[in-house]
Structures are given as structure tokens and as C-alpha cells.
Protein chains: 2
Amino acid sequence: MQLIDGGVTAPQGFIANGVLSGIKSGRTKEDTALIFSEKVCNSAGVFTQNVVKAEPVKLTRLRLKNRHKAQAVIANSGNANACTGEQGAWAAVRMTRAAANSLSNSEKIGMKVDEDDVLVCSTGVIGQQLPVEVIEEHIDELVEGLSKEGHEKARQAIMTTDTQFKECAVEFEVGGKTVRIGTMAKGSGMIHINMGTMLSFITTDCAISSEMLEKALHSSVEGTYNCVSVDGDTSTNDTLLILANGMAENPEITSDGPDYQEFLKALNFVNTQMARKIAGDGEGAEHLLVCTVQGAKDVQSARNLAKSVISSSLVKAAFFGKDANWGRILCAMGYSGELFDPQKVSVSFSNSKGCIKVYDHGNPVDFDEDNAKILLSEKEVGILVLLEEGEASGTAWGCDLTYEYVKINGDYRT
Amino acid sequence: MQLIDGGVTAPQGFIANGVLSGIKSGRTKEDTALIFSEKVCNSAGVFTQNVVKAEPVKLTRLRLKNRHKAQAVIANSGNANACTGEQGAWAAVRMTRAAANSLSNSEKIGMKVDEDDVLVCSTGVIGQQLPVEVIEEHIDELVEGLSKEGHEKARQAIMTTDTQFKECAVEFEVGGKTVRIGTMAKGSGMIHINMGTMLSFITTDCAISSEMLEKALHSSVEGTYNCVSVDGDTSTNDTLLILANGMAENPEITSDGPDYQEFLKALNFVNTQMARKIAGDGEGAEHLLVCTVQGAKDVQSARNLAKSVISSSLVKAAFFGKDANWGRILCAMGYSGELFDPQKVSVSFSNSKGCIKVYDHGNPVDFDEDNAKILLSEKEVGILVLLEEGEASGTAWGCDLTYEYVKINGDYRT
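Residues numbered from 1 in each chain as written. Chains lettered and ligands numbered in written order. Predicted model: local features only at pLDDT ≥ 70, side-chain atom pairs only at ≥ 80, totals over all residues. Heavy atoms only, no water.

1. Brief notes about the packing of helix H7 (residues 299–311) of chain B against helix H9 (residues 327–334) of chain B
All names here are of chain B. Note the following rule: Only the contacting stretch of a helix is used when fitting its axis, a line to C-alpha atoms as for every element, and angles between N-to-C directions run 0 to 180 degrees. Put simply, DSSP H or I for four residues or longer makes a helix, DSSP E for two residues or longer makes a strand, and each gets a number counted from the N terminus. Angle categories: roughly parallel below 35 degrees, roughly antiparallel above 145, roughly perpendicular from 65 to 115, and oblique for all the rest. Handedness of each helix crossing follows the sense of rotation of the near helix against the far helix: counterclockwise by less than a right angle gives left-handed, clockwise gives right-handed. Should any heavy atoms of two residues lie within 4.5 Å, those residues are considered in contact. Gly falls in the polar group here, along with every residue not listed as nonpolar (Ala, Val, Leu, Ile, Met, Phe, Trp, Tyr, Cys, Pro) or charged (Asp, Glu, Lys, Arg).
The interhelical angle for the contact between H7 and H9, taken along N-to-C directions, is 130°, at an axis separation of 8 Å. By the angle class used here, H7 and H9 are oblique. In the packing of H7 onto H9, the handedness of the crossing is right-handed. Judged by residue contacts, Leu305, Ser308 and Val309 of H7 engage Ile329, Ala332 and Met333 from H9. Looking at the contact of H7 with H9 residue by residue, the classes come out as 5 nonpolar, 1 polar and no charged.

2. Quick look at helix H3 (residues 132–144) of chain A
Residue and element names in this part refer to chain A. Stated precisely, the cut-off is as follows: What a helix should span is 1.5 Å times the count of its residues minus one. Burial classification: accessible surface area is computed with a 1.4 Å probe over protein chains only, and a residue below 20% of its type maximum counts as buried, one above 50% as exposed, and the rest as partly exposed.
Helix length check: H3 (13 residues) gives 19 Å between terminal C-alpha atoms against 18 Å at 1.5 Å per residue, within 8%. Looking at H3, one finds that the buried residues are Val132, Val134, Ile135, Ile139, Leu142 and Val143. At its buried positions, H3 is contacted by strand S2 (14–19), strand S3 (32–47), strand S4 (69–76) and helix H2 (85–105).

3. Regarding the sheet that holds strand S10 (residues 288–296) of chain A
Residues and elements named next belong to chain A. Put simply, the rule is: In this description, strands pair whenever DSSP reports at least two bridges between them.
Spatial strand order, S13-S12-S11-S14-S10-S15: 6 strands in an open sheet with mixed pairing. On the outer flanks of this sheet lie strand S13 (363–364) and strand S15 (392–399), each paired with one strand and no other. Bridge analysis of S10 against S15 gives 7 bridges, and the strand direction is antiparallel. Following the sheet pairing, Leu288 is matched in S15 by Cys399.

4. Topic: the pattern of salt bridges
All names here are of chain A. Selection rule: When a carboxyl oxygen of Asp or Glu is within 4 Å of a side-chain nitrogen of Lys or Arg, the pair counts as a salt bridge.
All told, the structure shown has 27 salt bridges over all chains when counted by the stated rule. The salt bridge involving Asp162 is made with Lys166; its shortest N-O contact spans 2.7 Å. The same class applies to Asp162 as to Lys166, namely buried. Within the structure, one salt-bridge network assembled from shared partners comprises Arg63, Arg97, Glu115 and Asp116.

5. With respect to the domain arrangement of chain A
Residue and element names in this part refer to chain A. Condition: Where each domain begins and ends follows an automated or database-derived domain assignment. Accessible area that two parts lose when put together, evaluated with a 1.4 Å probe and summed over both, is termed the buried area. N or O atoms within 3.5 Å of each other form a polar contact, as long as, within protein, one can give a hydrogen and the other can take it, and as long as residues adjacent in sequence are counted only when both atoms are side-chain atoms.
For chain A, the assigned domains read domain 1 (2–280) and domain 2 (288–410). Placing a centre on the C-alpha atoms of domain 1 and another on those of domain 2 gives a separation of 32 Å. Each partner contributes to the roughly 1400 Å² buried at the junction of domain 1 and domain 2, and carbon and sulfur atoms together form 57% of this total. Taken together, the connections running from domain 1 to domain 2 amount to 1 salt bridge. Scanning the region where domain 1 abuts domain 2 turns up 4 residue pairs in polar contact (both at pLDDT 80 or more). Looking at the side of domain 1 that touches domain 2, the elements with two or more residues in it are helix H5 (210–223) and helix H6 (258–280). Broken down by element, the residue count for the side of domain 1 that touches domain 2 peaks at 5 residues, all from H6. Among the residues forming the side of domain 1 that touches domain 2, the class breakdown is 6 nonpolar, 8 polar and 3 charged.

6. Quick word on the sheet that holds strand S15 (residues 392–399) of chain B
All names here are of chain B. Spatially, 6 strands are ordered S13-S12-S11-S14-S10-S15 in an open sheet, and the strand pairing comes out mixed. A strand with exactly one partner marks an edge of an open sheet, and here the two such strands are strand S13 (363–364) and S15. Strands in contact with helix H6 (residues 258–280) are strand S10 (288–296), strand S14 (380–386) and S15; relative to S15, the strand with the most contacts, it is inclined by about 40°.

7. A closer look at the packing of aromatic side chains
Here is the rule: By convention, a stacked pair of Phe, Tyr or Trp rings (six-membered ring in the case of Trp) has centres within 6.5 Å and planes under 30 degrees apart, an edge-to-face pair has planes over 60 apart, and any other such pair is tilted. Two conditions define a charge located above a ring, namely a distance within 6 Å from the ring centre to NZ of Lys or CZ of Arg, and an angle within 35 degrees of the ring normal.
Enumeration according to the criterion identifies 7 aromatic pairs over all chains in this entry. Summarising the aromatic geometry, the rings of Phe319 of chain A and Phe349 of chain A are spaced 5.7 Å apart at their centres and angled 85° between planes, so their arrangement reads as edge-to-face. Taken together, the positions of Phe319 of chain A in helix H8 (residues 313–320) and Phe349 of chain A in strand S11 (residues 346–351) put the pair 30 residues apart, joining distant regions of the chain. As far as burial versus exposure is concerned, Phe319 of chain A and Phe349 of chain A are alike and both buried. An aromatic cluster is built from Phe320 and Tyr403 of chain A together with Phe320 and Tyr403 of chain B, whose rings are joined through pairwise contacts. Lying over the aromatic face of Phe165 of chain B, Arg155 of chain B brings its terminal NZ or CZ to 3.4 Å of the ring centre.

8. Here's the deal with the interface of chain A and chain B
In this assembly, 57 residues from chain A lie in contact with 58 residues from chain B. Interface area, chain A with chain B, both sides summed: about 4500 Å², of which 58% is carbon and sulfur. In this structure, the connection of chain A to chain B is made through 0 salt bridges. Joining chain A to chain B, the criterion identifies 4 residue pairs in polar contact (both at pLDDT 80 or more).

9. What to know about the relation of the copies chain A and chain B
Put simply, the rule reads: Here the copies are matched by least squares. The fit uses the C-alpha atoms of residues with pLDDT of at least 70 in both.
Once chain A is rotated about the relating axis by 180° and shifted along it by 0.0 Å, it coincides with chain B to within an RMSD of 0.0 Å. With respect to symmetry, the two chain copies, as superposed, fit the operation of a two-fold axis. Distance from the rotation axis, computed per C-alpha, reaches its smallest value in chain A at Tyr403 of chain A: 2.5 Å. Both copies contact each other with a shared surface, as 100% of the interface residues of chain A are interface residues in chain B too.

10. Quick word on helix H7 (residues 299–311) of chain A
Residue and element names in this part refer to chain A. Here H7 is 13 residues long and its end C-alpha atoms lie 18 Å apart, about the 18 Å a rise of 1.5 Å per residue gives. Restricting attention to buried positions, one finds in H7 the residues Ser301, Ala302, Arg303, Leu305, Ala306, Lys307, Ser308, Val309 and Ile310. Looking at the packing, one finds that the buried side of H7 touches H5, S10, H8, helix H9 (327–334), strand S14 (380–386) and S15. Capping the start of H7 is the job of one residue whose side-chain oxygen sits 3.3 Å from the backbone nitrogen of Gln300: Asp298.

Put into C-alpha cells, the structure is as follows:
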């Protein structure tokens, strides 16, 4: 497996684009993205578990549930189209209809695209009506600009408070054929561990049945997106979609086996990369926190403990202050809901430059505070927790809590 | 029932004091508190549910479990005595032993005080050994200064990042006798809804059996302390203690009935007052948030929804920015774990000056943003959520998320 360029358009048959429709006043960069596959794809999705679901989430979930197919995804930033009632539901339908009509009428595309094969996602402020007419006005421009290079505009169009675009692509072998997976995501705020991102799109030219695609996606999400937290808020709009068009012409993966495992490994890799990017670019974040718990009784327990640590406001604030306040880590583990013996716990901080043990089998270690401060000044900081409860380990990704987070979220809407 | 002065020394037979032992360098105010009752009290406690428990929590819990009695409480700020191993366990014992010895040797007290009747609490930084010898050095000064006025020094001695002391006392009638309840607490940070305060002490001269005292305390905590959140972190040190010395000479309350209900009503009142004070003085807080959910299917559901709202970082940051971003309230309700129909929800903001409806039966309301900004500028802001699922209601108390919170917690330890 190797990293390649190209994001969502890296796999064969996928093109993308982004344009500025003008959804939110003042925005000067693209706000509407389109991903298109020249062949209809098997598709699967994971959605927010929030009881309050955005209108595009309801529509996309319904379409995938009925058909497990997709050929295009239209997405906008600047407005979440959530808590918008019937008018919002209609706006989501209009987005997919506009895309299907424009694609079908385009000489460039040269084929009919079914409205039911277009999925839709929105991200941005909750509770304001989406000005869908501006998207309709720009839809032909969006379609005509579709290209292999268009992943750059598409990845830009889904960003809100993100400071960096997030994409990744890999190439690997399945059944003697070269297969590619590409992905892009937006993260930043309102991100927590039930699903764990606002929007993420994965494309692949791998031939894989809907059933195995769905299985792979759910399996991969558990240890990747579901282990990310920026602020403990599970959004109304979280959506992770995967589209597989089969153009790599590998023998179709229809059951578990070496091919499926190879695909899953690559999928886990790209999802892990994106999980790290989303956490590291959390709203206002200065540090990426990577907490690994080893020696837990099972994987779920290890992950729950790691998630509790990187979700704690006090832990997050301490890392912002470069303060080796490890007591808060123990405290956060203690209210995770997992049982463990505090007397068997050891904690270290680590990064590329070294490792400092601060707590050893239930007792504080007398460590060098100045060295710790230097270690905690790095962009990426590791928190290593050793239990003696079993053999399992798990990792979660988070970020520090900063003035900037408060600033961004104290004045986001207006 | 009427409010009276005096905090924990308002009930008959209770005296208190606070001194500066010098537990944490740089502190110039009292850091060690003592509450004493001239008669041995029936006593009950509620403790942190964190798996990692501070040493004084373990000791106090054990003593109450064995005997349900107490005559004195010694408490310190500046050091939590948590994650400190055997040395910490021994330090907690030494605090109670020093207090018992000094009380027993004091001519002023004039009676033997059993070490097992002294309870102990600590609050402050986790993971540093408690310098118990400085407390031992100042224990006679602490005992000799015990007085009715000493509640003022005691309430000061338990404060950490609190900006205001928190105390309350009431007087009411039980069985033809005047009964008093007094309380003091410290709050501020690492405060969440499992227990919900770091340290709180309640004294009463009411005659009430251990069993009914325990029942009353647990019943009252559910709708008061357990509905407070400052930052979602459940401390290792949370302790709520009640001491009842029976000196009001009312007929002892030994079962449910009008006397018990009168006592419970007063206890709920003082605990609610303290819950509000703790939330309003959350670390860095500029606003007290009071979220009331009405029309829920049951009380627990109403409280869970209200807690989820006031615990959300994004809701908290929006109130800091005086931004009427009600979508985040819906979002937080949606991931609370409670089921409800979003189409039946209405949301209003309110304070002493008025009420603004922002969401009505699943649809956004076109409200005046300027008026909303004025309303949200008040110190106390109400969030009123109406469901149409049933008849139950519940309230939770929280505060906004501010730069100051991040500042305090980015540099608390050093």
C-alpha cells in the first residue's frame, strides 16, 4: 500500500468540483461541492446518532437504505439545513434534483443520472433556511467544471472553520489489480465520538459488493472516526459516505477473505489519517493529542478510556497550557464508566523527541517539569496509559482547548 | 421557612474555623477548615462516582459506612490528596488524628473526640503529596479559634478558584420546634453531574435518624447537585456531607411523614441555592445558565435533556458570545440519549426582563437578534424547552465557556 495524490478523484472514474454559490454572506471561497462517478457505485453510509437529524441526513440515509447505490454526492458548507422543517426537507431534495438534471443535460457527462442516485450533505449553522436557489443558479457551473483536478476545489468547498483541507488517497493490490481509495473530510467543531465527523467522503474503484462495503465501513469507523473528539458535541449532520464503482476490475469482493482484509486495511489506514487530521485541526487547536491505552481487558474498554481522556475539558486545557497535569488524566479515566485498578496504572507523555513517565503503578513520579514543558510544546503529544488488566489496546485522537475555540464558538453564527 | 445568616454554624451546637496552614505556596488566605458539633451527629454522605477516588474520600466513606456518625469535619484546599498512594492514605488519617487529639486536649472543647468521628475532605491539585505536617502544626490554632462566627473563615478555607464563597442557611418548624439547616460549599472546576460538587457540608440541629438522613440526602441530591455541570469533569474528590446533631429537640424523624417532608423541602431549598451558586461561579463563568425542560415523559428524562444542554461546550461558548444560537440547544438535546419528537419542540430564552421564542414546534422563529442580545447579556439566562411528550419537568444549572476558563485551567497546577 502506498500514499498517492488526488483525494476523492484518485480512484478511476471519479471526478469532482467546487464552486462558490454564495450560501453564506461574506464567504469568498467555494461552498458547494460535487463528486461524480462515471459508473453507478455500490455505496454505504454512517450517520449521526443525534435524535435531531439534519434534512440532508434524513434524505441520504433513506436513499441508501432503499438502494445501496449512488453516482454523485452534492455537499454544501455555510448552512447545515438542520431544524428547518418541511422547507428544509424540500431544499435537500431540490439540491439532488438540480444536480441530477444538470448532470443529465450535460454533454460532457453524456448519460442520464437518476435523482435517487444523488446523495446530499450540508454543514454549517443550524436553524436557518438554506437558500437553495443560489445552489440551483450555480449548478451548471459546478457540473461543467467536474475534473480529476477538481478534488482541490471540492475539498475546499466543504470546509467551515477548518484551517486545513483534509484528504488522503492510497493505492494497493487486490486480486492482482491495482485498487485505489481516496477520501476528503471536513471537521473542526461539533465533533464527538458517535460517528465523529461532520462530513467525510470516500471513493474507491475497488469492486466490492454493497454488503461487504457496508461491513467494511462500519468495522473501520469503530477504531477511527468513532475515536475522535474535538468538543464532545455530536452534530446533527455527521455523515460518512463511501462510493465504490468497481472500475479497478478486481474480482468482486463478496465475502471475508484476503481481498476483503486488504481492502479493510487500506480503508482503516485512510480513515486513521483523516481522524488524526480532524482532531489536529479541531477548532482553535494548537496540539493534536493522541491517547493510547495498553493492557486493557478488551479493545472497547481501551478505546473508551482513551476517548474519556481526550474528551476532558480539563485535560484539554492543561495541554493548551503545556502543563503536565497528569492527575486530570487519571480523573478522566475514572469517570469513563470502565472499571480498572488505579494502583496498576502507569502514565507517560511522549512525542517524537522522547518519553517522560509521570505516574507509576498508582504513585506519582518525580519528573523534570522543564523537560515536560518542552515535550508538551510539540504540535503532536502522545499520552500513553498502561494498565495491567489484559492485553488489548486502543487509541483516541483529540486536541487542546484554547482561547481560539471559545472565540470561534462564541461568535460563529453572527 | 426563612433564610437566615450563619452558614454551617447557624444550627445549634455547631462551631467552625479556618486557618492558613500553608499547604500550597503563595496562598495568603485560609486553607484549612474545621466544623465541630458539641454533640455527636447522625451523618450521611454522597461521594464521587469516579473510579479514581481521593484518599480522604476513601477514608470518610469507610467511616460513615461503619458508623453513620460524625462530630467534626476537617477539610483543606490546595491539594486534593488524590493519586498519592499509601503515603496519601496515611496523610488523610493523620489529618483526622490531629484534629481529634487537638479537640480532645482543648479546654475550650472539654470533651474527648473520637478519631473515627472526624471526617476529612481535600480539594486542589491531583497527584502531589499532601504536606500534612503543616496542617498538624496549625491544628491547635484551628481548634482554639472555633466559634459561631468561624463559618466565615471556614467557607473561605475551602475555596480554590472560586471567586465567591457559597453558603446558605434556613430556619423552619418541625414538630413545633425551630429547626435550622446550614451549608457551605466550594465549586468552580471539575464539576459534573455525577454528584456535582467538589466539597459541600450541611449542618442541621434537626433530630433525624441516620436512615432518614441518608434517604433525604440522596433524594435531594438527584434534583440539585446532580443537575449542575461546569465542565463535564467528575472530580476524584466530590464529597457532600450532612451532620445532624438533634439539638433542636424536635421529635426525632424516623419515618416518612409531614416532618420528614418539611425537612426535605428545606434541604432541597438550600441545595438548590448552592447548585445555582456553584454553577454561576463556575471557573471563568460570566453567565449562570438555567435550563428548564417542561412537558417531558418523566422527571429523569427532563433532567437528562436539561443537563445535556448546559453541558455542551458549543452551547456554553454561544452564551459567552451572547449569541442566540438555539440550534446548538436542539443538537445537545438530540445526543442526550433521550428520545423525543423534534417536531414537537419549542425553545425560548428568558430572564427577569422578558422572554423570546426562537423555535416553535420544529420550525425556526424569526426573532429580533438585537433584543436577544440584550436578553443574553444578563448575568442569569434562562433556557426554556417545551416538549409535548408528557407532564414532567426538570432543571439543570450550568455556566458559559469563557477565555478565562481556558486560562485558569491551562495554568492551574504550576
